[in-house]
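# Fold and contact review
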Amino acid sequence: MDIYDAIHRRRDVRGEFTGAPIPRDVLYRVLEAAHAAPSVGLSQPWDFVLVEDPAIRRAFHDHVQSERAAFAATLAGAAAERFARIKVDGILESSLSVVVTYDPERGGPAVLGRHAIADAGLYSVCLAVQNLWLAATAEGLGVGWVSFYREPHLRGLLNIPETIRPVAWLCLGPVTHLESVPDLERHGWRRRRALDTAVHRDRWRKPAG
Ligand SMILES: Cc1cc2nc3c(=O)[nH]c(=O)nc-3n(C[C@H](O)[C@H](O)[C@H](O)COP(=O)(O)O)c2cc1C
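The following refers to the structure shown. Every value quoted in this text rests on a predicted model; they were computed, and no experiment measured them. (Residues numbered from 1 in each chain as written. Predicted model: local features only at pLDDT ≥ 70, side-chain atom pairs only at ≥ 80, totals over all residues. Heavy atoms only, no water.)

## Side note on the sheet that holds strand S2 (residues 96–102)
What counts, and what does not: Paired strands, in this sense, are two strands between which DSSP finds at least two bridges. Counting from the N terminus, the helices are the DSSP runs of H or I reaching at least four residues and the strands are the DSSP runs of E reaching at least two. Axis lines are fitted to C-alpha atoms, over the contacting stretch for helices. Their N-to-C directions set the angle, which ranges from 0 to 180 degrees.
Spatial strand order, S1-S2-S4-S3: 4 strands in an open sheet with antiparallel pairing. Both outer strands of the open sheet, strand S1 (46–51) and strand S3 (141–146), are each paired with one neighbouring strand and no more. On average, each strand axis in the sheet is tilted by 25° relative to the strand beside it, whichever way the strands run. As judged from the 7 bridges shared by S2 and strand S4 (residues 165–174), these two strands associate in the antiparallel manner. Its bridge partner lying in S4, threonine 101 is registered against proline 166.

Next up, the structure:
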């Protein structure tokens, strides 16, 4: 698959996982792609926790459901009705979960390029996630990023040390298909903005509208 095809075919998947196993060689190609991401000071501050244990996934799913309810309680009227129809995770249906973490001490104490912008370490982890996401798309797999959780809860569930930050819980696996339009757009929650509204020339200008 051409890189632009992968970029434009990629979707956040919740409802289309089949649960079929991921061949080991495919999984490792996807993880190698994530591990090949650029990182500030070549710190490679990520780790990947592969979660197969159904009991852990069930416990996390229960937590996500309670966070979903907490968010739903902040909504009213049409937004509440729209949100009620939106699925926010495929934790139980997907084949595997991959939790991507950030270690701010990796490559320290003098991480080249991070002295002025502490978040550069976190940006690096997000690039690993995006590499994983695109590689998975090229392999015909789906990925769903779940962020309806509290970090201390996830740390406790996976024995992640205090100094390490969980950045993403990713649901991964074969899918029936990838939708051509994002779920949130299909459900009328929000629409994508046109590129023109995101491009500024020479100086920041408040976007029109
Ligand atoms: C940092 C991050 C967190 C996200 N968290 C969730 C989530 O908890 N549940 C969910 O259903 N989608 C989540 N998404 C997916 C977005 O809703 C999705 O990327 C967006 O609607 C655009 O759709 P697309 O990825 O299919 O293009 C997350 C995406 C990102 C980048």
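Here the narrative resumes.
## Quick word on the packing of helix H2 (residues 24–35) against helix H5 (residues 120–138)
Inclusion rule: By convention the crossing between two helices is left-handed if the near helix lies anticlockwise of the far one by an angle smaller than a right angle, and right-handed if it lies clockwise. For this analysis, residues touch if any pair of their heavy atoms sits within 4.5 Å. Three categories are distinguished: nonpolar for Ala, Val, Leu, Ile, Met, Phe, Trp, Tyr, Cys and Pro, charged for Asp, Glu, Lys and Arg, and polar for the others, with Gly belonging to the last.
Two elements in contact, H2 and H5, have axes whose closest approach is 7 Å; the angle formed by their N-to-C orientations is 145°. Considering how the two elements wind past one another, H2 and H5 form a crossing that is right-handed. Listed contacts from H5 to Val30, Leu31, Ala33 and Ala34 of H2 are Ala128, Asn131, Leu132, Ala135 and Ala136. Looking at the contact of H2 with H5 residue by residue, the classes come out as 8 nonpolar, 1 polar and no charged.

## Considerations on the nonpolar core
The tendency in soluble globular proteins is for nonpolar side chains to be buried side by side. To keep things clear, this is the line we draw: Among the buried residues, those of types Ala, Val, Leu, Ile, Met, Phe, Trp, Tyr and Cys that are joined through side-chain atoms within 4.5 Å form a nonpolar core. Working definition: with a 1.4 Å probe on protein chains only, accessible area under 20% of the residue-type maximum means buried, over 50% means exposed, and in between means partly exposed.
Ranked by size, the top nonpolar core spans 26 residues in total, and within it Val100, Leu132, Leu170 and Leu172 carry the most contacts. Elements supplying a minimum of two residues to this core: H2, S2, H5, S3 and S4. Examining the composition of this core, we find that 7 residues originate from one element, H5, more than from any other. Excluding its chain neighbours within four sequence positions, the residues that come into contact with leucine 172 are Phe17, Ile22, Leu27, Ser94, Ser95, Leu96, Val98, Ala136, Leu141, Gly142 and Val143.

## Quick look at the pattern of salt bridges
Heads up, the condition is: Counted as salt bridges are all cases of a side-chain nitrogen of Lys or Arg within 4 Å of a carboxyl oxygen of Asp or Glu.
Within this structure, the stated rule accounts for 13 salt bridges. A salt bridge links arginine 106 to aspartate 47; its shortest N-O distance comes to 2.5 Å. Placement of the pair is arginine 106 in the loop between S2 and H5 and aspartate 47 in strand S1, with a sequence separation of 59 residues. Residue classification places aspartate 47 among the partly exposed residues on the basis of a relative accessible area of 33%. For glutamate 151, the salt bridge is made with arginine 155, and the minimal N-O distance between the two is 3.9 Å. Of this pair, glutamate 151 and arginine 155 both sit in helix H6 (residues 151–158), 4 residues apart, which is roughly one turn of the helix. Since its relative accessible area comes to 13%, arginine 155 is described here as buried. Each member of the salt-bridge network shares a partner with another, and the members are Asp12, Arg14, Glu179, Asp183 and Arg186.

## Observations regarding the site of the ligand
We apply this condition: Residues are labelled near a given molecule or strand when at least one of their non-hydrogen atoms is within 4 Å of it. Two N or O atoms count as a polar contact when they lie within 3.5 Å, although within protein this holds only if one can serve as hydrogen donor and the other as acceptor, and sequence-adjacent residues are included solely when both atoms are side-chain atoms. We get accessible surface area from the Shrake-Rupley algorithm with a probe of 1.4 Å; when it comes to residues, only the shown protein chains can shield them.
Surveying the vicinity of the ligand reveals the residues Arg10, Arg11, Asp12, Arg14, Lys87, Val88, Trp145, Val146, Ser147, Phe148, Pro182 and Leu184. Within the side chain of arginine 10, one N or O atom sits 2.8 Å away from an oxygen atom of the ligand. A distance of 2.5 Å separates an oxygen atom of the ligand from a polar atom in the side chain of arginine 14. Compared with its free state, where it exposes 620 Å², the ligand has 73% of that area covered by protein.

By themselves, these are just geometric observations and shouldn't be taken as functional.
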